[in-house]
Amino acid sequence: NVTISHNAITSPNVIYAEHNINVDASIFDQPGSTCVGYAGPANGLIVSDSIASDAGASNQGFVQGTPTFVNGSAGDYHLVPWSPGVDFANEAPVSETEYEHYDLDGNPRETNLSSIPNVQPGYFAYRDAGAYELQFVCAPDEVFCSGFDH
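As a starting point, this report considers the structure included with it. This one's a predicted model, so the numbers in the text were calculated from it and none came from an experiment.

**A closer look at unusual backbone geometry**
Phi angles above zero are rare outside glycine, and Asn43 is one such case at about 65°. Its place among the elements puts Asn43 in the loop between strand S5 (34-38) and strand S6 (45-48).

Here you go:
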């Protein structure tokens, strides 16, 4: 689970690989760049449950979409509830380590928000794509919404 957004790169690719690469539950928001430049062996690029702002990335297995961050220009890459990355990724991979159970803030990944539909058709998707997992959603009329009562 990684989030790459608006980096100051000079390469035409966000990631370039000549060997096998597995991209899972990640967000590549780098308009104008190709997500993955891949020159490795056939079937060596595996992309699952990932979103890219680059329309051409769908040829590589990404779902094309523009993630909506809390404040990406200020470095806050947490997703807002209406972002396409929320409850987007499938359950944890079999090979995950104990650290993959948590997001970059240390919050649990297994947070299924009942107020947000799971968007991946055909299976139960409840993890967010990217580095952070949305923990709760506040109703617009709630006065206090800090998460202490959720």
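Structure shown, so let's carry the discussion forward.
**Details of the pattern of salt bridges**
Applying the stated rule across the entire model yields 1 salt bridge. In this structure, the salt-bridge partner of Arg109 is Glu133, at a minimum N-O distance of 3.4 Å. Taken together, the residues span a long stretch of sequence, with Arg109 in the loop between strand S11 (89-90) and strand S12 (125-127) and Glu133 in the segment after S12 at a distance of 24 residues. Like Arg109, the residue Glu133 is buried in the burial classification.

**A few points about the packing of aromatic side chains**
The final tally for this structure, using the stated rule, is 2 aromatic pairs. Where Phe28 meets Phe62, the ring centres are 5.3 Å apart and the plane angle is 40°; that geometry is what we call tilted. Separated by 34 residues along the polypeptide, Phe28 in strand S4 (residues 27-29) and Phe62 in the loop between strand S7 (51-52) and strand S8 (63-64) bring together distant segments of the chain. With respect to burial, Phe28 and Phe62 carry one shared label: buried. Seen from their ring centres, Phe69 and Tyr77 are 5.1 Å apart, and the 90° between their planes marks the pair as edge-to-face. A relative accessible area of 11% places Phe69 in the buried class. Residue Tyr77 is classed as partly exposed on the basis of its relative accessible area of 24%.

Basis of the calculations
Residues numbered from 1 in each chain as written. Predicted model: local features only at pLDDT ≥ 70, side-chain atom pairs only at ≥ 80, totals over all residues. Heavy atoms only, no water. Helix = DSSP H or I, 4+ residues; strand = E, 2+ residues; numbered from the N terminus. Salt bridge = Lys/Arg side-chain N within 4 Å of Asp/Glu carboxyl O. Buried < 20%, exposed > 50% of the residue type's maximum accessible area, 1.4 Å probe, protein only. Phe/Tyr/Trp six-rings, centres within 6.5 Å; stacked < 30°, edge-to-face > 60°.

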